[in-house]
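Single-letter residue listing:
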Amino acid sequence: MGDRWYQEAVVYCLDIDTFEDSDGDGVGDIRGLIGRLDYLARLGVTCIWLNPIHPSPNKDDGYDATDFYNVDPRLGTLGDFAELLHQAGNRGIRVIIDLVVNHTSDQHPWFQSARSSPDSPYRDWYVWVEEAPPDRHQGMVFPGEQNETWSYDRTAKAWYYHRFYKFQPDLNFSNRKVRDEIKKITSFWLQLGVSGFRIDAAPFIIELTEPGNPDSPKDFEFLTELRQHVQWRRADAVLLAEANVEPDQLPVYFGDSGGSANRLHMLFDFMLNGRLMLALARQDPEPVIDALRDTPRLPAGAQWATFLRNHDEIDLSRLTAEQRNEVFAQFGPDENMHLYGRGIRRRLASMLGNDRRHIELAYALQFSLRGTPVLRYGEEIGMGEDLSLRGREAIRTPMQWSYKENAGFSSAPAEKLVRPVIDKGDFGYEKVNVTAQRRDPRSLLAWFERMIRTLREAPEIGSGTTSHIDVPMPPGVLAHRADGPTGTMAFLHNLGTEDVEVDLSTLQPEADLPIDVLTDRNYPEVGKLDSLKLAGYGYRWIRVCRSTDV
Ligand code: NOJ
């Protein structure tokens, strides 16, 4: 690992309550996760991102906390959590947790106190107005499930602001005490041993809400303050944020002080995510090439986090309506697969028709593009979704460990499970599970293990510079390269179904015995970099040269 561990990390995102249940109550727990750390270590994961772990009424899957200084008793105790950090550390795995501080649950004692009286010490921790704001029906994040962003609270006799659901009142960031409290929360978890945070809803945290102004100003200085604070407490801690905004607005989230990022270390690359979906749907790399060209240059130490799937719907809102419809037509043909008019509530394997070659191509492409790859649990075995479940729950079903009842996730009776396991069809647990794939060297799981291991041999992807190789290519083929102090890698990905031949001879002068390090099949040896064969949905990761200076 380099000095900046997060640049060469492989992040695995999971929700403890659907991962593994150790005590048979139907809910996954920390001890269950501890028992699966060896699985994650073998997969090659170097960092786990845990979806919210705090006590919560769970009306938004934990993104509605009632106590930021504890773990939800359904998941275990703080003692279990400390043990998890220790056991993960023993295996070289870091842990980061979701920091959901744009809002609290309306059941949080702070809000309960705030609403009870204008004199409450917590009143000003939330955002209140006396009169109904004219823009209260604007800015909803969950259209259809949410009607407004300001709701009237009868106890408080005032309107409070909530960017998300009504039960998630926004904290007031212009209040110094709130800012200090957030820092205290980060100190607490860093002290316990987490390696950083995934910051939920960053643009809304720093929003200084003004009633009647749907474009309220943002206080980016809070991010600088938070970065400084976190770094003083733990020098190698990272801030990985969700900021789904236009690319030209992103640099200010990273910050720049003398050429180095001084706010967030990493941002999820939502733009690339949408473009990847469009490229896969069209079998044409152009949208990815555009994304590589359009993304802003990053200051030193700043890094993208790439992903194909996460715990939310695939958000296609950065595409044009026409482009979005192309993706819908290809990957979400039924209305029931759509969400909020902008997204798809499916997992990748099912979107790609369970076509193994297509799934490999998509993930090989994601993992070879610049940035730190983030993988959602279950994707490594090709899990599907359950569209009979509400909204985003469709893609939050329990991990499928084995052929045993409840997919080996829990020994509780099926009706007690936190969410039903997928037990029917091509994605049912009898067909898709870890136990079966572990035994099969040709399984998707075995492929992921190999692919992730290959990353260790290609640090240029995480730490180097990635660019499009702009030479004529057959239709459907993306050629890109990653250059770093350790050398140069070239990547070919065929998004189309036709077998083709590719000419990369422009790289010949730089090449030093080029070799394939990851391919979809056995191709003839690389040789001269001209006439390279590439199958439909095929890919080749080629080491062009290695530098011995490092
Ligand atoms: C973004 C999270 O990813 C999503 O799951 C959650 O519902 C909202 N933020 C609100 O916290």
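Coordinates for the structure precede this section.
Notes on the structure in this doc start here. Sequence positions are assigned chain by chain, starting from 1 and proceeding in written order. Only residues with pLDDT of at least 70 get local features here, since the model is predicted, and only at 80 or more are side-chain atom pairs given and counted; chain-wide, interface and lining totals rely on the full set of residues. Note that water and hydrogens are dropped before the side-chain values are worked out from all heavy atoms of the structure.

1. Here we look at the nonpolar core
In globular proteins that are soluble, nonpolar side chains generally tend to be buried together. Counting 130 residues, the largest nonpolar core has Tyr12, Leu40, Leu50, Phe81 and Trp541 as its most contacted members. A contact between two residues is defined here by any heavy atoms of the two lying within 4.5 Å. With sequence-adjacent residues up to four places away left out, Phe81 is seen in contact with Ile30, Leu50, Ile53, Val71, Ile97, Trp189, Leu192 and Val194. Here, nonpolar core means buried Ala, Val, Leu, Ile, Met, Phe, Trp, Tyr and Cys residues that are tied together by side-chain atoms lying within 4.5 Å of each other. Between buried and exposed lies partly exposed: a residue is buried under 20% and exposed over 50% of the maximum accessible area for its type, with that area taken using a 1.4 Å probe on protein chains only. Residues Ala479, Leu507, Leu529 and Leu532 belong to the second largest nonpolar core, which totals 19 residues.

2. Brief notes about the packing of aromatic side chains
A pair of Phe, Tyr and Trp rings is counted when the ring centres sit within 6.5 Å of each other, with Trp represented by its six-membered ring. The angle between the planes then sorts it: under 30 degrees is stacked, over 60 is edge-to-face, the rest tilted. Throughout the structure, instances matching the rule amount to 36 aromatic pairs. Between Tyr39 and Trp401 the ring centres are 5.0 Å apart and the planes differ by 80°, which places this aromatic pair in the edge-to-face class. Placement of Tyr39 in helix H2 (residues 37-43) and of Trp401 in the loop between strand E14 (372-376) and helix H14 (434-439) is noted, with a sequence separation of 362 residues between them. In this structure, Tyr39 and Trp401 share a single accessibility class: buried. For the pair Phe254 and Trp304, a centre-to-centre distance of 5.5 Å together with 80° between the ring planes defines the contact as edge-to-face. What counts as a helix is a DSSP run of H or I of at least four residues, what counts as a strand is a run of E of at least two, and both are numbered from the N terminus.

3. Observations concerning the site of the ligand
Being near a molecule or strand, for a residue, means having at least one of its heavy atoms within 4 Å of it. All residues in the neighbourhood of the ligand are listed as Asp60, Tyr63, His103, Phe142, Phe164, Arg198, Asp200, Glu242, His311, Asp312, Arg392 and Arg396. N or O atoms within 3.5 Å of each other form a polar contact, as long as, within protein, one can give a hydrogen and the other can take it, and as long as residues adjacent in sequence are counted only when both atoms are side-chain atoms. The separation between an oxygen atom of the ligand and a polar side-chain atom of Asp312 is 2.5 Å. Accessibility throughout is a Shrake-Rupley quantity obtained with a 1.4 Å probe, and a residue counts as covered only by protein chains that appear here. Contact with the protein chains removes 98% of the 290 Å² of surface that the ligand exposes when unbound.

4. Some words on the environment of Met473
Relative to the helices and strands, Met473 resides in the loop between strand E15 (465-468) and strand E16 (477-484). On the basis of relative accessibility, which here comes to 22%, the residue Met473 falls in the partly exposed class. A sequence separation of 36 residues divides Met473 from Gln437, and the C-alpha atoms of the two residues are 35 Å apart.

5. Focus: the environment of Leu37
Looking at the element boundaries, Leu37 is found in helix H2. Given the relative accessible area of 0%, Leu37 is considered buried. For the pair Leu37 and Ile48, spaced eleven residues apart in the sequence, the C-alpha separation amounts to 9.8 Å. Residues contacting Leu37, with those up to four places away along its chain left out, are Ile48, Leu84, Gln87, Ala88, Arg91 and Ile93.

6. So, the sheet that holds strand E11 (residues 314-315)
Pairing is antiparallel across the open sheet formed by three strands, whose spatial order is E11-E13-E12. Only two strands of the sheet have a single neighbouring strand rather than two, namely E11 and strand E12 (338-339). For E12 and strand E13 (residues 343-344), the ladder comprises two bridges, and the chain directions are antiparallel. Note on E13: the bridge partner recorded for Leu339 is Gly343. Pairing between strands requires that DSSP locate at least two bridges from one strand to the other.

7. Brief notes about the pattern of salt bridges
Definition used for salt bridges: Asp or Glu carboxyl oxygen within 4 Å of a side-chain nitrogen of Lys or Arg. The full count for this structure, using the stated rule, is 48 salt bridges. Where Glu221 meets Arg263, a salt bridge forms, and the shortest distance between an N and an O atom there is 2.8 Å. With Glu221 in helix H7 (residues 221-233) and Arg263 in the loop between helix H8 (251-254) and strand E9 (266-268), this residue pair connects regions lying 42 residues apart in the sequence. On the basis of relative accessible area, Glu221 is assigned to the partly exposed category, the value being 45%. Among the ionic pairs, Asp312 bridges to Arg392, the shortest N-O distance being 2.9 Å. Within this pair, whereas Asp312 is found in the loop between strand E10 (303-307) and E11, its partner Arg392 is found in the loop between E14 and H14, the two being separated by 80 residues in sequence. For Asp312, a relative accessible area of 12% corresponds to the buried category. Sharing partners across several salt bridges, the network here consists of Asp60, Asp61, Asp312, Arg390, Arg392, Glu393, Arg396 and Arg419.

8. Let's talk about the packing of helix H9 (residues 270-282) against helix H11 (residues 321-331)
Between N-to-C directions, angles span 0 to 180 degrees; the directions come from axes that are lines fitted to C-alpha atoms, helices contributing only their stretch in contact. Here H9 crosses H11 at 60°, and the two axes come no closer than 9 Å. The angle between H9 and H11 places the two elements in the oblique class. The element H9 and its partner H11 pack so that their crossing is left-handed. Residues Met277, Leu278, Leu280, Ala281 and Arg282 of H9 form the contact with H11, whose participating residues are Gln323, Glu326, Val327, Gln330 and Phe331. Nonpolar residues are Ala, Val, Leu, Ile, Met, Phe, Trp, Tyr, Cys and Pro. Charged residues are Asp, Glu, Lys and Arg, and all others, Gly as well, are polar. Its residues assigned to classes, the contact of H9 with H11 shows six nonpolar, two polar and two charged. Each angle is binned into one of four classes, with values under 35 degrees roughly parallel, values over 145 roughly antiparallel, values of 65 to 115 roughly perpendicular, and all other values oblique. Each crossing gets its handedness from the near helix: less than a right angle anticlockwise from the far helix is left-handed, clockwise is right-handed.

9. Regarding empty space enclosed by the protein
Buriedness for pockets is judged along seven lines, at least five of which must meet protein on both sides within 12 Å for an open set on the 1 Å grid over protein atoms alone, while cavities are sets there where a 1.4 Å probe fits but cannot get out, and lining residues have an atom within 4 Å of a point. Grid points are joined across faces, edges and corners, and a volume is the space filled by probe spheres set on the points. Considering all chains together, one arrives at four cavities of 30 Å³ or more under this definition. For the largest cavity, the full set of lining residues is Asp15, Asp17, Pro52, His54, Ser56, Asn58, Asp61, Gly62, Asp72, Arg74 and Leu75. In terms of residue class, the lining of the largest cavity is made up of two nonpolar, four polar and five charged. In terms of lining, the second largest cavity is formed by Leu99, Val101, Phe173, Ile182, Ile199, Ala202, Ile205, Phe222, Leu223 and Leu226. Element by element, the count of residues in the lining of the second largest cavity is highest for H7, at three residues. Class assignment for the residues of the lining of the second largest cavity results in ten nonpolar, no polar and no charged.

10. Section: helix H3 (residues 78-90)
Over its 13 residues, H3 extends 18 Å from the first C-alpha to the last, a length consistent with the 18 Å expected when each residue adds 1.5 Å. When H3 is considered as a whole, its buried residues turn out to be Asp80, Phe81, Leu84, Leu85, Gln87 and Ala88. Buried residues belonging to H3 abut helix H1 (30-34), H2, strand E2 (47-50), strand E3 (94-99) and helix H5 (176-192). Immediately beyond the C-terminal end of H3, within one or two residues, lies Gly92, with a positive phi of roughly 75°. To estimate how far a helix should extend, the number of its residues minus one is multiplied by 1.5 Å.

11. Some thoughts on unusual backbone geometry
Negative phi is the rule for most residues except glycine; trans is the rule for most peptide bonds. Located in the positive-phi region is Ala201, a residue other than glycine, with phi close to 55°. Note on placement: Ala201 falls in the loop between strand E7 (196-199) and helix H6 (202-205). Residue Ala201 is classed as buried on the basis of its relative accessible area, which comes to 3%. In the Ramachandran plot, Ser531 falls in the positive-phi region, its phi being about 35° despite a non-glycine side chain. In this structure, Ser531 sits in the loop between strand E19 (515-519) and strand E20 (532-534).

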